[in-house]
Amino acid sequence: MWRFDIGGVIVTEVEPQLVVVDYGTALVTPERVRDVLDKAIEIWNGRRVTVLVKAAAAVDLRQIAAMEEESALEDFTIAVAIFLPSKVAQLLGNFFMKFRSSPYPLRQFSDEEKALAWLRSHIAADAPRHVMTG
């Protein structure tokens, strides 16, 4: 298991194949996302993982989404859960996600434990597929 801090964003592998990216109270910006993605690609080194993103608020969602698509995350991303405790952030996130398609399962949660359970189910479902194709 590993943990690193990128400008106040804490990224931790809490279980095998389950990574938490915790922005804390920091605003999620395209620059912060780029820094996290660059480090993640280096650390994960092609391993397939699920990701729980914990965020209070974000700006420029279109630019963030474009970065996620260009970075070829689909090669090693099993699924992404986004935990947004704020009702306002949840409403904005739901609105944005309606107009965005994702190459991997992507879901927003207001309950962190439910998000983790959902990610674990995707890890279990991915294991046989990965063994057969990998």
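Here's a quick rundown of the structure. As the structure is a computational prediction, the values presented were derived from the model and not from experiment.

If you walk through the whole model with that rule in mind, you get seven salt bridges. Here R120 and E15 are joined by a salt bridge, their closest N and O atoms 2.5 Å apart. Of this pair, R120 sits in helix 4 (residues 112–133) while E15 sits in strand 2 (residues 9–15), placing them 105 residues apart in sequence. D22 is the partner of K54 in a salt bridge, and the nearest nitrogen-oxygen pair spans 3.9 Å. On the criterion of sequence distance, the pair formed by K54 in strand 4 (residues 49–54) and D22 in strand 3 (residues 18–22) is long-range, its members being 32 residues apart.

Turning to helix 1 (residues 30–44), a few remarks are in order. Taking 1.5 Å of rise per residue, 15 residues should cover 21 Å, and helix 1 covers 20 Å from first to last C-alpha, within 8% of that figure. Phi for N45, located one or two positions after helix 1, is positive at around 45°.

In spatial order, the strands read 1-2-3-4-5-6; together these six strands make up an open sheet with mixed pairing. Of all the strands in the sheet, the pair left with one neighbour each is strand 1 (3–6) and strand 6 (106–109). Looking at each pair of strands side by side, their axes are set apart by 20° on average, direction ignored. For strand 3 and strand 4, the ladder comprises five bridges, and the chain directions are parallel. Each bridged residue has a counterpart across the sheet, and for V19 the counterpart in strand 4 is V51. Contacts from helix 1 reach strand 1, strand 2, strand 3 and strand 4, with the element oriented near 150° to strand 1.

Definitions and cut-offs
- Residues numbered from 1 in each chain as written.
- Predicted model: local features only at pLDDT ≥ 70, side-chain atom pairs only at ≥ 80, totals over all residues.
- Heavy atoms only, no water.
- Salt bridge = Lys/Arg side-chain N within 4 Å of Asp/Glu carboxyl O.
- Helix = DSSP H or I, 4+ residues; strand = E, 2+ residues; numbered from the N terminus.
- Expected span 1.5 Å × (residues − 1).
- Pairing = 2+ DSSP bridges.
- Axes fitted to C-alpha atoms, helices over the stretch in contact; angles between N-to-C directions.
- Contact = heavy atoms within 4.5 Å.

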